[in-house]
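Single-letter residue listing:
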Amino acid sequence: MLPRTVMEWTKQHDKALLGEMTISDLFQYKKGTPERGQLWDSIAGNLNAMDYPKFKVVKRSCRDRWTLLHTKYKRRMSEEIQATGIDAEVGELDEIIEDLIGKEDAAIDSDKEGKKKAEADKKAAEEIRIKAMERFGKTSKRGGEDGEEGAKKKKRRSGSDAVEFLREKAKLEHSLREEELQLRKDQQSQTLLILQQQQQMNQALLTLMEKMLPKERN
């Protein structure tokens, strides 16, 4: 079995890798997400398709190379600043690496801020939930007290309602009796009037008969 050929990274390879990373805007997605993994696959595919320099890479080898470039750059910058006390000079590749590091750090900071905000939102939501439960508990307690008070008032109202009902019933019965008595009085008056009229009629007939009888005798 032939040994697997390992590609040797050169400055041209690094420049091509960094160029593809810049174009793809790799760090717009979080580390470990499927979207970033797909971009690493795309970067590896684009590099393997190049005529020069020749590549034979997969996404893992591209990712590992970036980690190495990133680490070496930061170490070198730190060592030069400590040695000279001034910012180190940077070349063309250093500028690209520095730009990509800035984007990666910004993405990490944004992710941290997002997590902090999510935790703060979760905490605020929990506090709101607790306060809502407290208000609900107080409302329920007041509701229970109001319910007991309402029950007492209802009992009192039930007693007063019964008295009121009896009072109204008595008034109604009294009114009906008065109407009945008045009707009877009216009926009696009418009957008396009829009797008087009949008596008057009878008296008139008797008078007429008395006047006519002597004439018939004659």
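Residues numbered from 1 in each chain as written. Predicted model: local features only at pLDDT ≥ 70, side-chain atom pairs only at ≥ 80, totals over all residues. Heavy atoms only, no water.

Under an unreviewed UniProt entry, the name given to the chain is Myb-like domain-containing protein, and the organism recorded is Pocillopora meandrina.

### Thoughts on the packing of aromatic side chains
Enumeration over the complete set of coordinates arrives at two aromatic pairs. Plain terms: the ring middles of tryptophan 9 and phenylalanine 55 are 5.9 Å apart, the flat faces sit at 75° to each other, and that makes the pair edge-to-face. Taken together, the residues tryptophan 9 in the segment before α1 (11–24) and phenylalanine 55 in the loop between α2 (34–48) and α3 (59–84) connect sequence positions 46 residues apart. Neither residue differs from the other here; tryptophan 9 and phenylalanine 55 are each classed as buried. Consider the rings of phenylalanine 27 and tryptophan 66, whose centres lie 6.0 Å apart with planes at 45°: the pair is tilted. Placement of phenylalanine 27 in the loop between α1 and α2 and of tryptophan 66 in helix α3 is noted, with a sequence separation of 39 residues between them. Taking the relative accessible area as the measure of exposure, tryptophan 66 reaches 3% and is therefore buried. (Phe/Tyr/Trp six-rings, centres within 6.5 Å; stacked < 30°, edge-to-face > 60°. Helix = DSSP H or I, 4+ residues; strand = E, 2+ residues; numbered from the N terminus. Buried < 20%, exposed > 50% of the residue type's maximum accessible area, 1.4 Å probe, protein only.)

### With respect to the nonpolar core
Counting residues in hydrophobic clusters, the biggest one holds 24 residues, and the most contacted among them are Leu17, Leu18, Met21, Trp40, Leu47, Val57 and Trp66. Breaking this core down by element, the ones donating at least two residues are α1, α2, α3 and α4 (92–217). Sequence-distant contacts of methionine 21, defined by excluding residues within four places in its chain, comprise Leu26, Phe27, Trp40, Ile43, Trp66 and Leu100. (Core = buried A, V, L, I, M, F, W, Y, C linked by side-chain atoms within 4.5 Å. Contact = heavy atoms within 4.5 Å.)

### Concerning the side chain of histidine 13
By secondary structure assignment, the location of histidine 13 is in helix α1. What histidine 13 contacts, discounting residues up to four positions off in sequence, is Met7, Glu8, Pro53, Lys54 and Phe55.

### Looking at α1
Spanning 14 residues, α1 covers 20 Å between terminal C-alpha atoms, matching the ideal 20 Å at 1.5 Å per step. Backbone geometry just downstream of α1 places aspartate 25 in the positive-phi region, at approximately 55°. (Expected span 1.5 Å × (residues − 1).)

### A look at the layout of surface pockets
Estimated volume of the largest pocket: approximately 400 Å³. In terms of lining residues, the largest pocket is bounded by 19 residues, among which Phe27, Lys31, Gly32, Arg36 and Glu104 are the most central. When contributions to the lining of the largest pocket are tallied by element, the ones reaching two or more residues are α2, α3 and α4. Considering each element in turn, the lining of the largest pocket owes the most residues, five residues, to α4. Of the residues assigned to the lining of the largest pocket, the class counts are six nonpolar, seven polar and six charged. (1 Å grid on protein atoms, 1.4 Å probe; cavity = no way out; pocket = protein on both sides within 12 Å on 5 of 7 lines; lining within 4 Å. Points joined across faces, edges and corners; volume = space filled by probe spheres on them. Nonpolar A, V, L, I, M, F, W, Y, C, P; charged D, E, K, R; others polar.)

### Observations concerning the environment of isoleucine 108
Within the secondary structure layout, isoleucine 108 lies in helix α4. You can call isoleucine 108 partly exposed: its relative accessible area is 39%.

### Some remarks on the pattern of salt bridges
Enumeration according to the criterion identifies eight salt bridges in this entry. Linking glutamate 92 and lysine 15 is a salt bridge whose minimum nitrogen-to-oxygen distance equals 3.2 Å. One end of the pair, glutamate 92, is in helix α4; the other, lysine 15, is in helix α1, with 77 residues separating them in the sequence. Overall, lysine 15 belongs to the partly exposed group, its relative accessible area being 37%. (Salt bridge = Lys/Arg side-chain N within 4 Å of Asp/Glu carboxyl O.)

### Section: the packing of α2 against α3
Contact pair α2 / α3: the axes reach a minimum separation of 8 Å and the direction vectors enclose 95°. With respect to each other, α2 and α3 are oriented roughly perpendicular. Contact residues: Gly37, Trp40, Asp41, Ala44 and Leu47 in α2; Lys59, Cys62, Arg63 and Trp66 in α3. Residues belonging to the contact of α2 with α3 are distributed by class as follows: five nonpolar, one polar and three charged. (Axes fitted to C-alpha atoms, helices over the stretch in contact; angles between N-to-C directions. Parallel < 35°, antiparallel > 145°, perpendicular 65-115°, else oblique.)

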